[in-house]
Amino acid sequence: MTTEALTNTGTLLLAAAPIGRPEDASRRLLTALADVPVVAAEDTRRLRRLAADLGVEITGRVLAHHEHNERASVDGLIAELLAGRDVLVITDAGMPGVSDPGYRLVRAAVAEGVPVTVLPGPSAVTTALVVSGLPTDRFCFEGFPPRKQGERARRLASLSHEQRTMVFFESPRRLADSLAAMAEAFGADRPAAVCRELTKTYEEVRRGTLADLTRWAEDGVLGEITVVVGGAPEHAGLTEPADLAAAVAARTEATGVTRKEAIAEIAKENGVPKRVVYDAVVDSTR
């Protein structure tokens, strides 16, 4: 149960910032930057650069609010709101709270009965989704994959049967490794798109299979990266580990193919990543 909004508090405003071109900023953002008494920015230098590009003079106090001080800064920002001052939250790009600071402050504001509103605008998630050419009727945002190889493999394996289109953020330095891990978890033929530098001068959208995109990324990629991956196809094939292992055993006995070949065949026939079938076979022999 949430507290009813208090009438004498300030309002928390979450503002979407341009993900590339400054001219994508909304008129409401320009007005808020000029008028709001407290501005909480992920990077104060980038905020002032954006304001200069927009021809806006920030008259309020500018405070740092980023992932390294978020927990500590929430109390101070709530105090500003309870004192009746509006607070504008803005990140380097896109919407606060979407893989950027914002969630904890919103939760605390709601608990205190502080009004919360949004100044909508650019988002790398939805921009990449609609330009990818992949289904947009159902999708999920998965943020950044884990950096460590083992954790990343486990996270992606848990998504191997996800039928919604998936959107990820990734560092250009880790892109090739992540795409290779996705190909292993989802299947090399799974359709995907890599969106680079969205809305900027050198915007690029690469579409293809995960195998194709992995080979492309191995040469090195620069810029801000968003990856969109098609969901798992609907199928009536085998999904239970015991059934998959039994199918591999039956295939090797009936046709004489190697276990590796049988795993590849069963995986393809049932729309299941080879790693899932392999793990099922290994588990069945324990």
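See above for the structure.
So, here's what we can say about the structure. None of the values given here were measured: they were computed from a predicted structure.

## Observations regarding the packing of aromatic side chains
Per the stated rule, a full pass over the model turns up two aromatic pairs. Ring plane angle 65° and centroid distance 5.0 Å describe the contact between Phe 141 and Phe 169, whose orientation is recorded as edge-to-face. Of this pair, Phe 141 sits in strand E6 (residues 139-143) while Phe 169 sits in strand E7 (residues 165-170), and the two are 28 residues apart along the sequence. Judged by centre distance (5.7 Å) and plane angle (65°), the rings of Phe 144 and Phe 169 are edge-to-face. Highlighted residues: Phe 144 in the loop between E6 and helix H6 (149-158) and Phe 169 in strand E7, separated in sequence by 25 residues. Taken together, Phe 141, Phe 144 and Phe 169 form an aromatic cluster joined through their ring pairs.

## Notes on the side chain of Arg 174
Inspection of the secondary structure puts Arg 174 in the loop between E7 and helix H7 (175-186). For Arg 174, the residues in contact, after removing those within four places along its chain, are Phe 144 and Arg 147.

## What about the sheet that holds strand E4 (residues 87-90)?
Read from one edge to the other, the open sheet built from five strands follows the order E3-E2-E4-E1-E5, with strand pairing classed as parallel. Of all the strands in the sheet, the pair left with one neighbour each is strand E3 (61-64) and strand E5 (116-119). Strand-to-strand twist of the sheet, defined as the mean angle between neighbouring strand axes without regard to direction, takes the value 25°. Of the strands in this sheet, strand E1 (12-15), E4 and E5 touch helix H4 (residues 103-111), which is tilted by about 155° from E1.

## Some remarks on the layout of surface pockets
Its boundaries defined by the atoms lining it, the largest pocket holds a volume of some 1600 Å³. Along its surface, the largest pocket is lined by 50 residues, and Arg 46, Asp 92, Ala 93, Asp 100 and Glu 224 are the ones closest to its centre. If you list the elements that add at least two residues to the lining of the largest pocket, you get helix H2 (44-54), H4, helix H5 (124-132), E7 and strand E10 (225-229). Top contributing element to the lining of the largest pocket by residue count: H2, with five residues. For the lining of the largest pocket, the class distribution of residues is 21 nonpolar, twelve polar and 17 charged. Computed from the structure, the second largest pocket encloses a volume of approximately 430 Å³. Lining of the second largest pocket is provided by 16 residues; of these, Phe 186, Gly 187, Ala 188, Asp 189 and Val 272 occupy positions nearest its centre. Tallied by class, residues from the lining of the second largest pocket come to nine nonpolar, two polar and five charged.

## Here's the deal with the nonpolar core
By size, the foremost hydrophobic cluster in this structure holds 23 residues, and its most contacted members are Phe 168, Leu 175, Leu 179, Met 182, Phe 186, Val 227 and Val 229. For this core, the leading source of residues is H7, giving eight residues. Setting aside anything within four residues of it in sequence, one finds Val 229 in contact with Leu 134, Arg 164, Thr 165, Met 166, Phe 168, Met 182, Phe 186, Arg 190, Pro 191, Ala 192 and Leu 210.

What counts, and where the lines are drawn
- Residues numbered from 1 in each chain as written.
- Predicted model: local features only at pLDDT ≥ 70, side-chain atom pairs only at ≥ 80, totals over all residues.
- Heavy atoms only, no water.
- Phe/Tyr/Trp six-rings, centres within 6.5 Å; stacked < 30°, edge-to-face > 60°.
- Helix = DSSP H or I, 4+ residues; strand = E, 2+ residues; numbered from the N terminus.
- Contact = heavy atoms within 4.5 Å.
- Pairing = 2+ DSSP bridges.
- Axes fitted to C-alpha atoms, helices over the stretch in contact; angles between N-to-C directions.
- 1 Å grid on protein atoms, 1.4 Å probe; cavity = no way out; pocket = protein on both sides within 12 Å on 5 of 7 lines; lining within 4 Å.
- Points joined across faces, edges and corners; volume = space filled by probe spheres on them.
- Nonpolar A, V, L, I, M, F, W, Y, C, P; charged D, E, K, R; others polar.
- Core = buried A, V, L, I, M, F, W, Y, C linked by side-chain atoms within 4.5 Å.
- Buried < 20%, exposed > 50% of the residue type's maximum accessible area, 1.4 Å probe, protein only.

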